[in-house]
Amino acid sequence: MSPESFLDQLRAILDFVIFGAEWDNPVTVKDLLVATVIIFVANLASRLVRRALRPLGEKLKPLAGDTAVRVALRVVHWVILLFGVVVALNTVGVSLNSLTGLFTAGAVVTVAVGFAMQNIAQNFVSGAILAAERTIKSDDVIEVEGQVLRVQSVGIRTTVARTRDDEAIIIPNSLLVQNPVKNFTYQDSIYRIRSRVGVSYGSDMRRVFDTLRQAAEALEWRTRAMSPRIFMSEFGDSSVVFEVSVWVMDPWRAPQRRSDLSEAIWFALKDAGVTIAFPQLDLHLDPTVSAALGARSGAGPSPRSPAPDPGDG
């Protein structure tokens, strides 16, 4: 094959119309290759720009946070890539008017994709809001829909957290932005732990107060900046209920610390001779009923009647 014929075949391949033959500028193989090269160059340029901005991002992390820096670099990537796509379309001569027919033909698909992208866009915007406001950060202890979690990382679209059972949970960022969320470590890590105990009505209440206060103050792991608080909270059916409160610096270990507090209260009251009450019922009978029951119990069991003889008739 001569070079001239090879070039003619190559030119024919490059000029082959892929789609849009009815357009003023139909899309050929050459146009598609040029567009691909432009998008590739845009992606390469995005990587180079993000690599150049990474040292600046490391300096800004203490101020803006790791999540905000990652979101900013990701936005830079999508802006550069979108610019490359627009340039590629203009280069091959594809305008919005030319794509109208394709959009009309794929209207159903476009609507479905639009609904799917709506949730994705909400999560992306929510991720940007979390990064800007920094209301939820890594290592924060939060409560979402009644479940206590420790945040591992806050991404652009989702947040990864772990439960106290060491299970990983992936949370859409829109859920954290649009719903109430308790953040136990937002401004500080001080967390209040409560334990309730009931003592009998015959107990010396001043002694109970002193015993509970001494038991709470003796806890080595409590926060010394906050003094324990003892409340007589309720007059129950079978007991006088007290509530003991202490503060800790680690909300994540609250269940273990609550158990330690209850254990300290139990042994302190036992050592002090205070009865820890339990549900009981006192039955008061009318005197006549009591006398009748006493007489009946004193008479002893009634003799059994003899069994009838089968022959009696």
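Residues numbered from 1 in each chain as written. Predicted model: local features only at pLDDT ≥ 70, side-chain atom pairs only at ≥ 80, totals over all residues. Heavy atoms only, no water.

With 18 residues, helix α8 (residues 254–271) should reach 26 Å at 1.5 Å per residue; the first-to-last C-alpha distance of 26 Å fits that figure. When we look at burial in α8, the residues that qualify are Ala254, Arg257, Asp260, Leu261, Ile265, Ala268 and Leu269. One side of α8 carries all its buried residues, which in axial view fall inside an arc of 155 degrees. Where the residues of α8 are buried, they touch β8 (191–199), α7 (205–217) and β10 (240–248). (Helix = DSSP H or I, 4+ residues; strand = E, 2+ residues; numbered from the N terminus. Expected span 1.5 Å × (residues − 1). Buried < 20%, exposed > 50% of the residue type's maximum accessible area, 1.4 Å probe, protein only. Arc of directions from axis to C-beta. Contact = heavy atoms within 4.5 Å.)

Turning next to the pattern of salt bridges. Scanning all chains against the criterion turns up 7 salt bridges. We note a salt bridge from Arg196 to Glu234, for which the minimum N-O separation is 3.0 Å. Taken as a pair, Arg196 in strand β8 and Glu234 in strand β9 (residues 229–235) lie far apart in primary sequence, 38 residues in all. Under the relative-accessibility criterion, Arg196 is labelled partly exposed at 49%. What makes Glu234 partly exposed here is its relative accessible area of 39%. For Asp210, the salt bridge identified is with Arg213, shortest N-O distance 3.9 Å. Separated by 3 residues within a single helix, Asp210 and Arg213 lie in helix α7, roughly one turn from each other. (Salt bridge = Lys/Arg side-chain N within 4 Å of Asp/Glu carboxyl O.)

On to the sheet that holds β8. As summarised here, the arrangement of the 3 strands in space is β8-β10-β9, forming an open sheet in which the pairing is antiparallel. In this open sheet, the two strands that pair with only one neighbour each are β8 and β9. The mean inter-strand angle of the sheet, taken between neighbouring strand axes irrespective of direction, is 25 degrees. Across 9 bridges, the pairing between β8 and β10 is antiparallel. The residue bridging Ser195 from the neighbouring strand is Val244, located in β10. Lying on the sheet, α7 is in contact with β8, β9 and β10; it crosses β10 at an angle near 20 degrees. Packed on one face of the sheet, α8 meets β8 and β10 and runs near 35 degrees to β8. (Pairing = 2+ DSSP bridges. Axes fitted to C-alpha atoms, helices over the stretch in contact; angles between N-to-C directions.)

Along the chain, the position of Val181 falls in the loop between α6 (173–178) and β7 (182–183). A C-alpha to C-alpha distance of 10.0 Å links Val181 and Thr135, two positions 46 residues apart in sequence. When neighbours within four sequence positions are excluded, Val181 is seen to be in contact with Ile136, Ile142, Glu143, Val144 and Leu176.

Right, let's talk about the confidence of the model for the chain for a bit. Should pLDDT be low for a region, the predicted coordinates there are not to be read in detail. Of the residues in the chain, 75% reach a pLDDT of 70 or more, and the chain-wide mean stands at 80. Across the chain, element-level confidence peaks in β10 with a mean pLDDT of 96 and bottoms out in helix α4 (residues 100–105) with 51. Within the model, pLDDT remains below 50 along residues 300–305, and this stretch shows 0 contacts once partners closer than five positions in the same chain are excluded. (pLDDT = per-residue confidence, 0-100.)

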